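Below are the chains, spelled out letter by letter.
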Amino acid sequence: MSDFGTVRDRTRPALWEQLRGMRGPRRVVLVSAACILVFLVWASVARVDEVTRAQGKVIPTSKGQIIQSASPSTVRAILVKPGQRVT
């Protein structure tokens, strides 16, 4: 029978001490993960008071601009099939 997990290893520093010793990218990743976790917990617990849906129209602040090629031409063939990857 194993004693794994029943007796704390006294030579290993506590979690808080390990976190305080972290520097650079590890700390950034850990803090980012903690923030995401807090956000997800908050999003699952928070209540939405009101949801509103509406239709609208986008009105540009300046005139629309027509875009066209410098020299007019005709497309003879489209060599790519739907769903085909183009690299």
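Residues numbered from 1 in each chain as written. Predicted model: local features only at pLDDT ≥ 70, side-chain atom pairs only at ≥ 80, totals over all residues. Heavy atoms only, no water.

Comments concerning the overall build of the protein chain
- Tallying secondary structure elements over the protein chain gives two helices and zero strands in all.
- For the protein chain, the residues scored as buried account for 0% of the 87 residues in total.
- Working note: accessible area of the protein chain is about 10,100 Å², and carbon and sulfur atoms make up 59% of it. (Helix = DSSP H or I, 4+ residues; strand = E, 2+ residues; numbered from the N terminus. Buried < 20%, exposed > 50% of the residue type's maximum accessible area, 1.4 Å probe, protein only. Areas by Shrake-Rupley, 256 points an atom, 1.4 Å probe, with all protein chains shown as cover.)

So, the packing of aromatic side chains
- Under the definition given, this model contains one aromatic pair.
- Where F39 meets W42, the ring centres are 5.9 Å apart and the plane angle is 35°; that geometry is what we call tilted. Pair noted here: F39 and W42 are both in helix α2 (residues 25–45), with a separation of three residues, about one helical turn. (Phe/Tyr/Trp six-rings, centres within 6.5 Å; stacked < 30°, edge-to-face > 60°.)

Everything listed here is a matter of geometry and, on its own, says nothing about what the molecule does.
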